[in-house]
Amino acid sequence: MKLHLNLKDPGSADGIYQIKAGGCMAASLQWADEKGPLEDWTAFAYIPLNGNGCGTFRFTGGRAVPPEATHVMARAVKPDFSGREEILAPIPGCRKLMHTEEETIFCVMSDIHLSSKSGSFRRALRTAGDPDFILLAGDLTNDGKPEQFDQICRCIEEEAADIPVFAVAGNHDIPLKPLPQVEQKVGSYYRLQDWLCRRARRAGIKWEQDISGAYSAFAGAGGEKIDITGLNAVSHWRRFVFPGARQLNWLERHLESVGDGKLHIVLCHAPMMSHNPMRRGGTKSPYLSRDEELQQLLDRHSQILFISGHTHISLNELPGCVEYDASRGNTYVNDACVCPSALHTGETLAAGEWTEGSVMDVRVGRQEIELIGRSVISGKKISRGYYRISRYI
């Protein structure tokens, strides 16, 4: 049995993985050290082998090699499942990458779609562990009903009582029709946001709410205070709109006042067209009504970490769900969802766990940002959901 690795750069998972296992029909690839596979990480590839036992996997999307990985393990199985073979191959040019110095840890989740039961959201909050902050990137509820938001509040209080939470509205967080809902507390999301604001202020966080619906807050567990901005670009009929561009005008003024020396986290439920993973499937129109204006606004600034949801795309999508604009130091993350996600890789073999609900840890250090996807069901780290991004331009 042989395994050959031809990787793009030290620390990068991108490259070509070639395996030969005579008499076998399929193989899996998993990060490992000299002792064996890293059991708390999912496999990153399942490869069908031809009649000669040969197969190739091409990793793309800008993922990183986990710091603790020094090898790749391949496991190949016989056609009748009567046995398997294993091999460890050292990662070429491997240098032991140090863990990011953890100054501030965010746990990001989106598309909870809480309807009548809260089990999935509670599991996600438990999976989050003990981060410094939790970010909810929209579609907290399925129908925008008051009782659903009540459940969201109860879950936060019972599972994350001491953790500040920041959120934005998704298209499912506003009732679909303005009528006959007029008498049924249609502002439930914004009451939730006010409640989150009060919680954050009690924790000593400066939170500024704008009349346009946008807000900003400054948070940080270390010396750096990170700017968090929430954009609420949704309305009835499940539309994504920025009425009169008021929120965008506010965002421009806000970013200018803070300056580009700080990291700016921007939460918005819908991704922008240029960074929408669904565009690879032929989508030609943006979700957001002022998509180009927002993109041009962000392009005038640096150190932006733009976090969106909505697409229900698995972190295991082969092209990746994170894009980095090195010229400006801006990163675009389309977070996976707490509810089951879709997988459109076109690969012959894929693991069922790749479509489980997931959350993402965002660990902000002085030199880089580390992104770690994790399964809500198993708690394992998602190999295709791991990125390391430099904060230097």
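Residues numbered from 1 in each chain as written. Predicted model: local features only at pLDDT ≥ 70, side-chain atom pairs only at ≥ 80, totals over all residues. Heavy atoms only, no water.

Caption draft 1: Seen up close, the state of the cysteines. Summed over all chains, the structure comprises 0 disulfides. Here C54 stays unpaired: no disulfide links it, and the sulfur of C24, its closest cysteine neighbor, is 11 Å away. We note that C339 lacks a disulfide partner, and the nearest cysteine sulfur, in C337, lies 3.9 Å from it. (Disulfide = S-S within 2.5 Å.)

Caption draft 2: How the structure looks around the pattern of salt bridges. Tallied over the entire structure, the rule returns 18 salt bridges. Among the ionic pairs, R126 bridges to E159, the shortest N-O distance being 3.0 Å. Note that R126 is positioned in helix 1 (residues 119-128) and E159 in helix 2 (residues 146-159), a separation of 33 residues in sequence. Since its relative accessible area comes to 52%, R126 is described here as exposed. Looking at E159, the relative accessible area reads 23%, which means it is partly exposed. Notably, a salt bridge pairs E252 with R300, separated by 2.4 Å at the nearest N-O pair. Highlighted residues: E252 in helix 4 (residues 246-258) and R300 in the loop between helix 5 (291-299) and strand 16 (304-308), separated in sequence by 48 residues. When salt bridges that share partners are traced, they join R122, R126, E158 and E159 into one network. (Salt bridge = Lys/Arg side-chain N within 4 Å of Asp/Glu carboxyl O. Helix = DSSP H or I, 4+ residues; strand = E, 2+ residues; numbered from the N terminus. Buried < 20%, exposed > 50% of the residue type's maximum accessible area, 1.4 Å probe, protein only.)

Caption draft 3: Here's a closer look at the pairing of strand 15 (residues 264-268). Buried residues dominate strand 15, accounting for 5 of its 5 residues. Here strand 15 shows two buried faces, one formed by H264, V266 and C268 and the other by I265 and L267. Where strand 14 (residues 226-231) meets strand 15, 5 bridges bridge the pair, whose relative direction is parallel. The residue of strand 15 that forms the bridge with T229 is V266. The parallel pair strand 14 and strand 15 is bridged by helix 4, and the resulting crossover is right-handed. Bridge analysis of strand 15 against strand 16 gives 4 bridges, and the strand direction is parallel. For L267, the partnering residue across the bridge sits in strand 16 and is I307. (Pairing = 2+ DSSP bridges. Right-handed = clockwise from strand over helix to strand, strands pointing away.)

Caption draft 4: Structural detail: the nonpolar core. One finds M109, F121, L136, F166, L294 and L298 to be the most contacted residues of the largest nonpolar core, which totals 83 residues. Beyond its immediate sequence surroundings of up to four residues, L298 is in contact with L251, L255, M272, I304, F306, N330 and Y332. If you look at the next biggest cluster of nonpolar residues, it comprises 31 residues, including L29, W41, L49 and A76. (Core = buried A, V, L, I, M, F, W, Y, C linked by side-chain atoms within 4.5 Å. Contact = heavy atoms within 4.5 Å.)

Caption draft 5: Spotlight on the sheet that holds strand 11 (residues 165-167). Strand order in the open sheet made by the 6 strands is 11-10-9-19-20-21, with mixed pairing throughout. Where the open sheet ends on each side, the last strands, each with one partner, are strand 11 and strand 21 (381-390). Taking each pair of neighbouring strands and ignoring which way they run, the sheet shows an average axis angle of 20 degrees. Strand direction decides the pairing type here: strand 19 (residues 358-364) and strand 20 (residues 368-375), joined by 7 bridges, are antiparallel. Of the residues in strand 20, the one forming a bridge with M360 is G373. (Axes fitted to C-alpha atoms, helices over the stretch in contact; angles between N-to-C directions.)

Caption draft 6: Representation of the pairing of strand 17 (residues 322-325) within the structure. Of the strand pairs in this sheet, strand 17 and strand 18 (residues 330-334) are connected by 4 bridges, and their pairing is antiparallel. Residue pairing in the sheet places D325 in a bridge with N330 of strand 18.

Caption draft 7: Representation of the environment of G119 within the structure. Within the element layout of this structure, G119 appears in helix 1. As a C-alpha pair, G119 and W31 span 88 residues in sequence and 31 Å in three-dimensional space.

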